[in-house]
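Take a look at the letters that make up each chain.
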Amino acid sequence: MDLDFITQSLVIGLTENAPLVLAAIGFALLYKLTGLINVAYSETITLGAYFGMWLNTTYGLDFYTVLIPTGLLAGLLSVATYLAIFRPAKRRNVGGLEMIIISFGLSIFLRHGLQFVFGYPVRFYDVPPPDTIMVLGVGVTSFRLLAVVSVAVLSVLLWVFIQRSRYGLQIRALANDENLAKVSGIRPLVVTTLIWFIAGVAGGLAGAFYGVGANVSPLLGWRQFLLILMVALVGGSWGLGGVILVGVGTSVALAAMALQFDQTLYAQLVLIVAFIVVLKVRGTRLTETAKV
Amino acid sequence: MVAELVDAVAPTRPRIRVQGVVKSFSGRVVVDVDDIVLGEQPIEGLIGPNGAGKTTLMRMIMHSTPLDRGRISLLPAGGGEVVLSGLPAHRMARHGVVKSNQVIMDFDKLTIWDSLLLAAAETRYEQPHRIFSERTVFAKHEDEIRTYLDYFGFADPTGFALSAGEKKLLDIVRCLLLRPTFLLLDEPTAGLPAELTEKVMTVIRDLAAAGTSVVIVEHDLNVIWSLCDVVHFMAEGSVILNGDPQSIRANRTVVEKYLGEGHV
Amino acid sequence: MNLDWLDAFLITGLFQVVMVTGLALLLHLQLGLARIANFGVVGFWGLGMYVFGVLYVQVDWPFGEPFQFLVCAAAAALVAGVAGLLVGWLIADLDTDGVLVGTLGFATAVQILAITQDDLTGGARGMGGLGFPYDIGKVKENELLWLMIMTVVVVAIFFYAWRVHRSPYGRLLVAVGGNEALARSLGKSTFRTKLWLFAVGSAGMGLIGAMNGVMARYLDVGSLGVGVTLAAMVGLILGGTARVWGAVVGVILTVGLFDIVVQSYLPLPEEWYSQALPVLREAAFGLTLMLVLLFRPLGLLGDMRRDKLMGKIHGR
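Predicted, not measured: the structure shown is a model, and the values here were computed from it.

**As for the overall build of chain A**
Here comes step 1: Counting secondary structure elements, chain A contains 11 helices and 2 strands.
Here comes step 2: When the helices and strands of chain A are read in sequence order from the N terminus, they spell out α-α-α-α-β-β-α-α-α-α-α-α-α.
Here comes step 3: Against the compact-globule benchmark of 19 Å for 292 residues, chain A has a radius of gyration of 19 Å, which places it among compact chains.
Here comes step 4: Each principal axis of the C-alpha distribution contributes one length, and for chain A these read about 55 × 45 × 35 Å.
Here comes step 5: Expressed as a percentage of its 292 residues, the buried residues of chain A come to 48%.

**A closer look at the overall build of chain C**
Here comes step 1: Looking only at helices and strands, one finds 13 helices and 0 strands in chain C.
Here comes step 2: Sequence-ordered secondary structure for chain C, helices as α and strands as β, is α-α-α-α-α-α-α-α-α-α-α-α-α.
Here comes step 3: Radius of gyration (C-alpha) of chain C: 20 Å, near the 20 Å computed for a compact globule of 316 residues.
Here comes step 4: Viewed in the frame of its principal axes, chain C has a C-alpha envelope of about 55 × 45 × 35 Å.
Here comes step 5: Buried positions account for 57% of the 316 residues belonging to chain C.
Here comes step 6: When contacts within chain C are restricted to residue pairs at least 6 apart in sequence, long-range pairs at least 24 apart make up 81% of them.

**Concerning the nonpolar core**
Here comes step 1: Ranked by internal contacts, the top residues of the largest apolar core, which has 277 residues, are Ala24(A), Leu23(C) and Leu289(C).
Here comes step 2: Broken down by element, this core gets its largest block of residues, 16 residues, from helix H1 (residues 3–34) of chain A.
Here comes step 3: Excluding anything up to four places from it in sequence, Leu23(C) contacts Val41(C), Trp45(C), Met205(C), Ile208(C) and Ala232(C).

**Thoughts on the sheet that holds strand E9 (residues 230–235) of chain B**
Whenever strands of a sheet pair, they do so through backbone hydrogen bonds, lying parallel or antiparallel.
Residue and element names in this part refer to chain B.
Here comes step 1: Spatially, 6 strands are ordered E6-E7-E8-E3-E9-E10 in an open sheet, and the strand pairing comes out mixed. Because the sheet does not close on itself, it has two edges, and the strands there are strand E6 (97–99) and strand E10 (238–243). Along the sheet, successive strands turn relative to each other by an average axial angle of 20°, direction set aside.
Here comes step 2: Of the strand pairs in this sheet, strand E3 (residues 43–47) and E9 are connected by 4 bridges, and their pairing is parallel. Bridge pairing links Ile 47 to Phe 233 in E9.

**A look at the sheet that holds strand E2 (residues 28–38) of chain B**
All names here are of chain B.
Here comes step 1: The strand order across the open sheet formed by 4 strands is E2-E1-E4-E5, and the pairing between neighbours is antiparallel. Of all the strands in the sheet, the pair left with one neighbour each is E2 and strand E5 (82–83).
Here comes step 2: Relative to strand E4 (residues 69–75), strand E1 (residues 15–25) is paired through 6 bridges, and the arrangement is antiparallel. Note that in E4 the partner of Val 22 across the bridge is Arg 69.
Here comes step 3: Against the sheet, helix H2 (residues 54–61) contacts E1, E2 and E4, and its axis sits at roughly 65° relative to E2.

**Focus: the pairing of E2(B)**
Residues and elements named next belong to chain B.
Here comes step 1: Where E1 lies against E2, 9 bridges are found, and the strand directions are antiparallel. Its bridge partner lying in E2, Ser 24 is registered against Val 29.
Here comes step 2: Turn length for the E1-E2 hairpin, with the two strands adjacent in sequence and antiparallel, is 2 residues, and the turn residue Ser 26 shows positive phi of about 45°.

**Observations concerning the interface of chain C and chain A**
When the parts of a complex come together, some accessible area is lost, and that lost area is often used as the size of the interface.
Here comes step 1: Contact residues are listed per partner, giving 36 residues for chain C and 40 residues for chain A.
Here comes step 2: Looking at the side of chain C that touches chain A, the elements that each hand over two or more residues are helix H4 (96–116), helix H8 (180–185), helix H10 (227–239) and helix H12 (276–295) of chain C.
Here comes step 3: Ranked by the residues each element gives to the side of chain C that touches chain A, the list is headed by H4(C), at 13 residues.
Here comes step 4: Split into classes, the residues belonging to the side of chain C that touches chain A amount to 22 nonpolar, 9 polar and 5 charged.

**Quick look at H4(C)**
Here comes step 1: Its 21 residues give H4(C) an end-to-end C-alpha distance of 30 Å, which sits within 8% of 30 Å, the value for a rise of 1.5 Å per residue.
Here comes step 2: Burial analysis of H4(C) places 17 of its 21 residues in the buried class, the great majority of the element.

**Points about unusual backbone geometry**
Here comes step 1: Following Glu65(C), the chain continues to Pro66(C) via a peptide bond in cis, the omega torsion being -5°.
Here comes step 2: The phi dihedral of Asn93(A) is positive, around 60°, even though this residue is not glycine.
Here comes step 3: For Asn93(A), the position within the fold is in the loop between helix H3 (63–91) and helix H4 (96–118).
Here comes step 4: A positive phi angle, close to 50°, is found at Glu187(B), a residue other than glycine.
Here comes step 5: With respect to the element layout, Glu187(B) can be found in the loop between strand E7 (182–186) and helix H6 (194–209).
Here comes step 6: On the basis of neighbour counts, which here come to 20 C-beta atoms within 10 Å, the residue Glu187(B) falls in the buried class.

**Observations regarding the packing of H1(A) against helix H8 (residues 188–213) of chain A**
Residues and elements named next belong to chain A.
Here comes step 1: Contact geometry of H1 with H8 gives a least axis separation of 8 Å together with a crossing angle of 160°. One element, H1, and the other, H8, form an angle in the roughly antiparallel class. Here H1 and H8 pass one another in a crossing that is left-handed. For the pair formed by H1 and H8, the contact residues are Ala 18, Pro 19, Leu 22, Ala 23, Ile 25, Gly 26, Phe 27, Leu 29, Leu 30, Leu 33 and Thr 34 on the first element and Thr 192, Ile 195, Trp 196, Ile 198, Ala 199, Ala 202, Gly 203, Leu 205, Ala 206, Phe 209 and Tyr 210 on the second.
Here comes step 2: The class makeup of the residues in the contact of H1 with H8 is 18 nonpolar, 4 polar and no charged.

**Focus: the pairing of strand E8 (residues 213–217) of chain B**
Residues and elements named next belong to chain B.
Here comes step 1: Most of E8 is tucked away: 5 of the 5 residues are buried.
Here comes step 2: Alternating positions in E8 separate into two faces, Ser 213, Val 215 and Val 217 on one and Val 214 and Ile 216 on the other, with burial throughout.
Here comes step 3: Two elements, E7 and E8, share 5 bridges in a ladder whose sense is parallel. Within the sheet, the bridge partner assigned to Asp 186 lies in E8 and is Val 217.
Here comes step 4: With H6 bridging E7 and the parallel E8, this β-α-β connection has right-handed handedness.

Reading the values: the criteria
All chains use their own residue numbering, which begins from 1 and follows the written sequence. Written order decides the labels, with chains lettered from A and ligands numbered from 1. Residues qualify for local features only when their pLDDT is at least 70, as the model is predicted, and side-chain atom pairs are given and counted only at 80 or more; totals for whole chains, interfaces and linings, by contrast, use all residues. Where helices and strands are cited, they refer to DSSP runs of H or I of at least four residues and of E of at least two residues respectively, numbered from the N terminus. Using C-alpha atoms as the atom set, the radius of gyration is obtained and then compared with a globule rule of 2.2 Å times the number of residues to the power 0.38. The exposure scheme places C-beta atoms from the backbone and then counts, for each residue, the other C-beta atoms within 10 Å of its own, assigning buried at 20 or more, exposed at 12 or fewer, and partly exposed in between. Once C-beta atoms have been placed from the backbone, residue pairs whose C-beta atoms lie within 7 Å are recorded as contacts. Each nonpolar core consists of buried Ala, Val, Leu, Ile, Met, Phe, Trp, Tyr and Cys residues. Their C-beta atoms, within 7 Å, join them into a set. Whether two strands pair comes down to DSSP finding at least two bridges between them. Only the stretch in contact is used when fitting a helix axis, every axis being a line fitted to C-alpha atoms; angles between N-to-C directions are given from 0 to 180 degrees. Asp, Glu, Lys and Arg are counted as charged, while Ala, Val, Leu, Ile, Met, Phe, Trp, Tyr, Cys and Pro are counted as nonpolar; the rest, among them Gly, fall into the polar class. Given a helix with a known number of residues, its expected span is that number minus one, times 1.5 Å. Under this scheme an angle from 65 to 115 degrees is roughly perpendicular, one under 35 degrees roughly parallel, and one over 145 degrees roughly antiparallel; angles in between are oblique. Less than a right angle of anticlockwise turn of the near helix away from the far helix marks a crossing as left-handed, whereas a clockwise turn marks it as right-handed. Call a crossover right-handed when, viewed with both strands pointing away from you, the route from the first strand across the helix to the second goes clockwise.

If you want it as structure tokens, here you go:
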């Protein structure tokens with residue numbers, strides 16, 4: 001394995017798949033803190049791409065300018081889905097299995113519903129071709145570089161927020177024990193809404209980065225969902241750091257295999273099998289406290 | 001009556017040995033039992049304050065809760081040794097080791113008949129291709145099940161068990177249908193009215209007389225004193241005392257930690 | 001036989017309804033009774049379809065019809081069943097999250113394989129060369145006969161599911177779905193039960209896929225996306241996961257509504273049919289899933305009535 005191959009895999013992997021890491025962080029945040037696998041998260045990503053594209057093409061703003069409003073819009077959408085669907089579902093005591101199916105239904109609904117708003121054909125960002133910057137001998141577009149930098153910065157910010165800030169403490173308390181948290185004066189609605197907002201922002205930004213690099217289509221987020229899910233489930237057991245680590249590792253592995261096989265689909269297949277093996281070996285998450 | 005049914009059990013007494021068994025939850029040691037043998041006497045009681053680890057110990061014997069350390073073995077009546085702590089949970093019943101549940105456990109969508117037929121039915125009839133076997137299974141077990149239904153007074157067995165007491169009773173009858181050689185009962189009479197408690201106690205006596213070893217966890221001490229030949233006292237995860245009901249009842253430590261002065 | 005009065009779209013629409021009903025009935029056993037969230041229905045169906053297609057087209061069979069069809073269809077069911085055994089083994093001791101990953105991962109893997117192994121499957125170009133194992137006349141007549149054969153197969157699946165409810169096996173499935181730990185304490189090997197349930201269900205899905213391949217006569221990897229899983233799931237959920245008839249009622253009201261009523265009998269503008277209607281169909285399915293689970297989780301037909309069933313079978 002020569003040095004060229006390694007550097008190429010590293011650079012391409014990190015820059016092309018930085019959005020994957022960001023999306024995985026957002027998804028894992030939601031999963032760890034609410035226990036919910038939100039299949040519709042993939043549409044948060046897709047719609048992030050669409051929002052950015054819409055702001056870009058309608059108002060003629062450049063990519064860097066649309067990022068923040070895109071993130072905010074995606075965050076708001078995420079909160080809206082929580083308040084309109086997931087929170088009412090929880091109050092009706094919908095079980096875990098049904099919750100996943102509800103989120104699946106929402107995902108399908110958004111994926112197809114958005115086409116009535118944004119049209120059926122594939123859309124594109126209207127941006128001038130980005131500069132190419134050489135990193136370790138590999139050409140990288142400025143957008144991709146921005147993606148990596150953003151992901152790194154956001155990950156650190158998020159980590160600091162969750163671990164150090166007052167709200168972060170409340171989030172962790174709520175995740176641990178809802179009743180105790182309530183008794184301590186933490187307002188679950190406020191804190192949970194905050195979690196959904198942050199997750200939405202992360203997903204939306206990931207979508208914008210995906211979209212500007214290629215195109216914007218209804219399947220944009222869904223194509224990444226399985227990998228995001230796997231990274232979050234496997235990495236999430238070691239906390240936020242674990243998700244980042246597994247996400248980065250997956251990104252590099254994807255790039256390496258794509259270079260090797262000359263085909264990204266094989267890379268995905270290998271990763272699917274690998275993750276399933278890991279999940280199986282790690283065994284069931286059935287709690288230690290059996291009830292019989 | 002019920003005794004005829006339980007006659008199908010082995011003629012000598014099986015025992016369970018718990019050695020060096022430890023279990024912790026979130027850093028707190030919940031069970032720490034050095035070496036005890038259960039089942040030497042027909043009916044044994046296990047008492048102790050809440051949080052003493054009685055239910056956890058029972059669950060570890062059934063291997064539905066994994067052990068951190070140690071070993072639990074079944075010493076069957078005919079000889080030999082079966083390491084229970086190495087078996088998956090569903091194999092317990094095959095060796096005749098059965099436990100009733102302290103917490104109400106039921107199949108919400110299954111009727112009383114369903115529940116009992118489920119317990120009684122052999123695995124070979126429960127295969128994907130045996131879609132005409134209901135009549136066979138019913139015919140095989142109808143009489144036995146009806147005896148229990150009539151004895152315990154289940155009014156409408158084609159319906160569901162609704163009250164907590166009914167569900168408790170159903171749980172116990174399911175255990176009985178499994179033809180246990182070693183029966184663990186976790187608070188079997190909790191929530192039952194007096195006549196039903198009496199009936200459960202009668203069944204336990206008959207079962208034990210026919211050779212099944214019974215271990216009962218109970219907070220209703222009248223049941224313990226009147227049924228048990230031996231009582232184990234458990235506190236803070238360990239079995240700290242054994243003895244016949246009289247001596248346990250009068251024991252200083254037991255009185256202080258559990259019974260309170262008024263009970264003696 | 002003059003079939004000019006019979007709209008070709010009606011035949012394909014009916015076929016869709018019957019086919020998805022078959023899938024929904026098998027999903028009923030897995031999801032409705034044993035509570036296993038199989039998000040990979042399209043994977044087993046698609047695997048059966050492509051195994052059938054590849055064997056049918058690429059192998060030089062020494063015998064003719066109907067044996068060529070029967071052998072290939074049997075192989076398709078077998079391969080799908082073995083895949084079900086493998087996936088079942090992977091997921092039978094995982095929690096719901098793990099089952100989601102396992103089944104979805106499997107379906108994705110099938111799609112990836114179909115695309116990449118394009119010398120076998122035709123990949124994105126598609127694969128033709130399939131045909132009916134008989135020829136009784138015009139295309140429409142062949143299709144109608146195939147629709148009837150498919151209906152017979154799905155009725156058989158219905159009968160199987162109906163019998164399962166009335167047998168010790170069905171009772172075990174309900175127990176596993178309701179309280180697996182309690183079932184285990186009664187000596188039931190729940191792992192093995194779920195494993196074989198998955199294998200049998202997957203074999204059935206594979207067979208249905210093979211029969212769909214015959215009807216479509218042209219295989220396309222686009223059909224391996226999540227649409228088939230969605231259709232089976234929404235039909236089952238709308239009609240009711242707990243009742244055998246739920247699958248039938250639900251699929252008629254969803255797939256039937258769109259693929260028959262809307263397709264053939266509503267006077268809608270021509271241009272809607274190419275894009276707007278398919279998109280609307282999926283959006284409506286997604287919305288239905290959400291609404292049903294929020295407001296009437298047991299679907300239109302509600303919960304199973306085992307008390308009535310026990311009374312009927314066993315008397316007092």
